[in-house]
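# Commentary on secondary and tertiary structure
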Number of protein chains: 2
Amino acid sequence: MNSFTEENYLKAIYHLSKDDGSVVTTNSISEAINTTAASVTDMLKKLAEKKLISYVKYQGSTLTESGRMAAANIIRKHRLWEVFLVEKLGFKWDEVHDIAEELEHINSSELIARLDQYLGFPKTDPHGDPIPDSEGNFNHKQLTKVSKLSPGQQGSISGVSEHSAIFLQFLEKTGLTLGAVLKIKEVLEFDGSVTLIIDHVKEITISREVAKNILVVI
Amino acid sequence: MNSFTEENYLKAIYHLSKDDGSVVTTNSISEAINTTAASVTDMLKKLAEKKLISYVKYQGSTLTESGRMAAANIIRKHRLWEVFLVEKLGFKWDEVHDIAEELEHINSSELIARLDQYLGFPKTDPHGDPIPDSEGNFNHKQLTKVSKLSPGQQGSISGVSEHSAIFLQFLEKTGLTLGAVLKIKEVLEFDGSVTLIIDHVKEITISREVAKNILVVI
DNA sequence: CTATATTTTTAGACTAATCTAAATTTTATA
DNA sequence: TATAAAATTTAGATTAGTCTAAAAATATAG
């Protein structure tokens, strides 16, 4: 079994290596989990020893298959708990991250199997992120950043790539919630800001930065 | 905030000091949490430093008011999670202890308040043990051991004082579950074994040892 | 009421995870 | 391509929690 701390490193490496499993630098990990690079180096050696990552000195790390599985399992638990917190306990989508961060380390596959069933086998968490199955497989939808759309195109919001409470609260307030249909009216060449119509009703303008972090299915 | 480990010590001291808050020996703690007496001594100093216990060298320890509150809060979380696991996820009463042992350390009073509400503010856990309120107050019912009853007396099962899975499974199989009405038919003087009638129907005989661990309201 | 047994504490050491400071390697630049 | 800058690793130390072995205090028994 991996320690609480090892799990956090695996999760960080997973998130940093994108979907393609690309090499992750030591520094990027140290930033992600707020430790010194020296501490990260120590842990990388340990994870390599346990065959959870492959690590080449001065070059970086990638998850091995078993490391990837372990990471997917933690993410599965995190996202299932988020669904529980929002759907059953009535938390808002911007309030659940920190609690799920703790719950994800609870160790019982029976518990997770039953929770999954209790929640009706959800496929995404409250932010639209996919929940991997118990074998670690993600069911990838093709998600597009709103910033990539051209006038006339439309899509429905299916996820976000920024999870801070402040951003989520802004989306909530603006009506940019999961499932909302967006139709692009205009993209301003000057700064990339996007004017769009939400659910065929409300017209608003968002910055390029915001548009980059909203993901839609076309 | 207290560490995971500190919380486990506080809980152990609480359970060992009965309801009367009596002095707990170092050795009894080391047995309870399966560590050496030397380790316990170290931790007792630390807890005393934090004013969670009062500790007199070579004499033993008692919880202070703030230690008692902290312990009650952990027990509250443990028991609420047990209710969740049994009522919502369908675990059996003998399966939930170890998982609740992990969940009890999750740190969010908002989470516990919402869980409490979601469960309908239960007053006891699946073993009949009282759930303290958020101020740490237990709602004590007067519970009597079956071994203290005389022929002719009856009561309904409201708790157990032994929580091992093996014992709970035995009770389950025998029909000695929470709420069952017991009427004492005979107490054998030779070994204290008790013959009783469950729910006015089924007659069985249990050992004195078993009788001591079943608690009823008369 | 002394001698022995038991309990508890102290001393010193270990592991996991972290840190700072210094050394080394890689990358970027002039 | 030599050199400076940045990234990474190593060395050595620290903290929390644990351990074993030895010392000290308390309890028990003759």
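Residues numbered from 1 in each chain as written. Chains lettered and ligands numbered in written order. Predicted model: local features only at pLDDT ≥ 70, side-chain atom pairs only at ≥ 80, totals over all residues. Heavy atoms only, no water.

Another point: the sheet that holds strand β3 (residues 144-145) of chain B. Sheets are built from strands paired through backbone hydrogen bonds, the pairs being either parallel or antiparallel. Spatially, β3-β8-β4-β5-β6-β7 (chain B) is the arrangement adopted by the 6 strands of the open sheet, whose pairing is antiparallel. In this open sheet, the two edge strands, each paired with only one partner strand, are β3 and β7 (202-206) of chain B. (Pairing = 2+ DSSP bridges. Helix = DSSP H or I, 4+ residues; strand = E, 2+ residues; numbered from the N terminus.)

Before going further, it helps to spend a moment on the sheet that holds strand β4 (residues 154-160) of chain A. Residue and element names in this part refer to chain A. With antiparallel pairing, the 6 strands of this open sheet are ordered in space as β3-β8-β4-β5-β6-β7. For this open sheet the edge positions go to β3 (144-145) and β7 (202-206), each flanked by a neighbour on one side alone. One ladder, built from 2 bridges, connects β3 with strand β8 (residues 214-217); its direction is antiparallel. Within β8, the position partnered with Thr144 by the bridge is Val216.

Another aspect to go through is the packing of aromatic side chains. Taken as a whole and assessed by the stated rule, the structure comprises 8 aromatic pairs over all chains. Residues Tyr118 of chain A and Phe84 of chain B carry aromatic rings whose centres are separated by 6.3 Å and whose planes lie at 80° to one another, so their mutual orientation is edge-to-face. With Tyr118 of chain A in helix α6 (residues 109-118) and Phe84 of chain B in helix α4 (residues 65-88), the pair connects residues from two separate chains. With relative accessibility at 22%, the residue Tyr118 of chain A sits in the partly exposed group. One aromatic cluster is present, built from ring pairs that chain together Trp81, Phe84 and Tyr118 of chain A together with Trp81, Phe84 and Tyr118 of chain B. A cation sits over an aromatic face here: Arg114 of chain B above Phe91 of chain A, 4.4 Å from the ring centre. (Phe/Tyr/Trp six-rings, centres within 6.5 Å; stacked < 30°, edge-to-face > 60°. Buried < 20%, exposed > 50% of the residue type's maximum accessible area, 1.4 Å probe, protein only. Lys NZ or Arg CZ within 6 Å of the ring centre and 35° of its normal.)

We now examine the protein's contact with DNA strand C. Near DNA strand C there are 22 residues, and of these Ser39 and Lys46 of chain A together with Asn27, Tyr55 and Lys57 of chain B occur at the shortest range. Of what DNA strand C places within 4 Å of the protein, 80% of the atoms are sugar or phosphate. Residue Lys57 of chain B places a side-chain N or O atom 2.6 Å away from a phosphate oxygen belonging to DNA strand C. Residue assignment for the surface near DNA strand C shows that the elements contributing at least two residues are α1 (4-16) and α3 (37-49) of chain A together with α2 (26-33) and α3 (37-49) of chain B. No other element matches α3 of chain A, which puts 5 residues into the surface near DNA strand C. (Near = heavy atom within 4 Å. Polar contact = N/O pair within 3.5 Å; in protein donor to acceptor, adjacent residues only side chain to side chain.)

Let's shift gears to the protein's contact with DNA strand D. Close contacts around DNA strand D come from 22 residues, with Lys45, Tyr55 and Lys57 of chain A together with Ser3 and Lys46 of chain B the closest. For DNA strand D, the backbone portion of the atoms within 4 Å of the protein, that is sugar and phosphate, comes to 79%. In the model, a phosphate oxygen of DNA strand D is placed 3.0 Å from a nitrogen or oxygen of the Thr36 of chain B main chain. For the surface near DNA strand D, the secondary-structure elements that each account for two or more residues are α2 (26-32) and α3 of chain A together with α1 (4-16) and α3 of chain B. Among the elements that take part in the surface near DNA strand D, α3 of chain B stands out by supplying 5 residues, more than any other. Residues belonging to the surface near DNA strand D are distributed by class as follows: 8 nonpolar, 10 polar and 4 charged. (Nonpolar A, V, L, I, M, F, W, Y, C, P; charged D, E, K, R; others polar.)

What follows is about the packing of α1 of chain A against helix α4 (residues 65-88) of chain A. Residues and elements named next belong to chain A. Direction vectors running N to C along α1 and α4 enclose 95°, while the axes themselves pass 9 Å from each other. Here α4 runs roughly perpendicular to α1, going by the angle between their axes. Side by side, α1 and α4 meet where Glu7, Leu10, Lys11, Tyr14 and His15 of the first sit next to Arg68, Ala70, Ala71, Ile74, Ile75 and Arg79 of the second. Looking at the contact of α1 with α4 residue by residue, the class counts come to 6 nonpolar, 1 polar and 4 charged. (Axes fitted to C-alpha atoms, helices over the stretch in contact; angles between N-to-C directions. Parallel < 35°, antiparallel > 145°, perpendicular 65-115°, else oblique. Contact = heavy atoms within 4.5 Å.)

So, on to the domain arrangement of chain A. How big an interface is tends to be expressed through the accessible area that disappears when the partners come together. Its domain assignment divides chain A into domain 1 (4-63) and domain 2 (144-217). One C-alpha centre belongs to domain 1 of chain A, the other to domain 2 of chain A; they are set 33 Å apart. (Domains from an automatic or database assignment.)

The subject of this paragraph is the interface of chain B and chain A. Contacts between the two partners involve 20 residues from chain B, matched on the other side by 20 residues from chain A. Along the contact surface separating chain B from chain A lie 0 salt bridges. There are 7 residue pairs in polar contact (both at pLDDT 80 or more) connecting chain B and chain A. Taken together, the elements giving at least two residues each to the side of chain B that touches chain A come down to α4, α5 (97-103) and α6 (109-118) of chain B. For the side of chain B that touches chain A, the leading source of residues is α6 of chain B, giving 5 residues. For the side of chain B that touches chain A, a count of residues per class yields 11 nonpolar, 4 polar and 5 charged. (Salt bridge = Lys/Arg side-chain N within 4 Å of Asp/Glu carboxyl O.)

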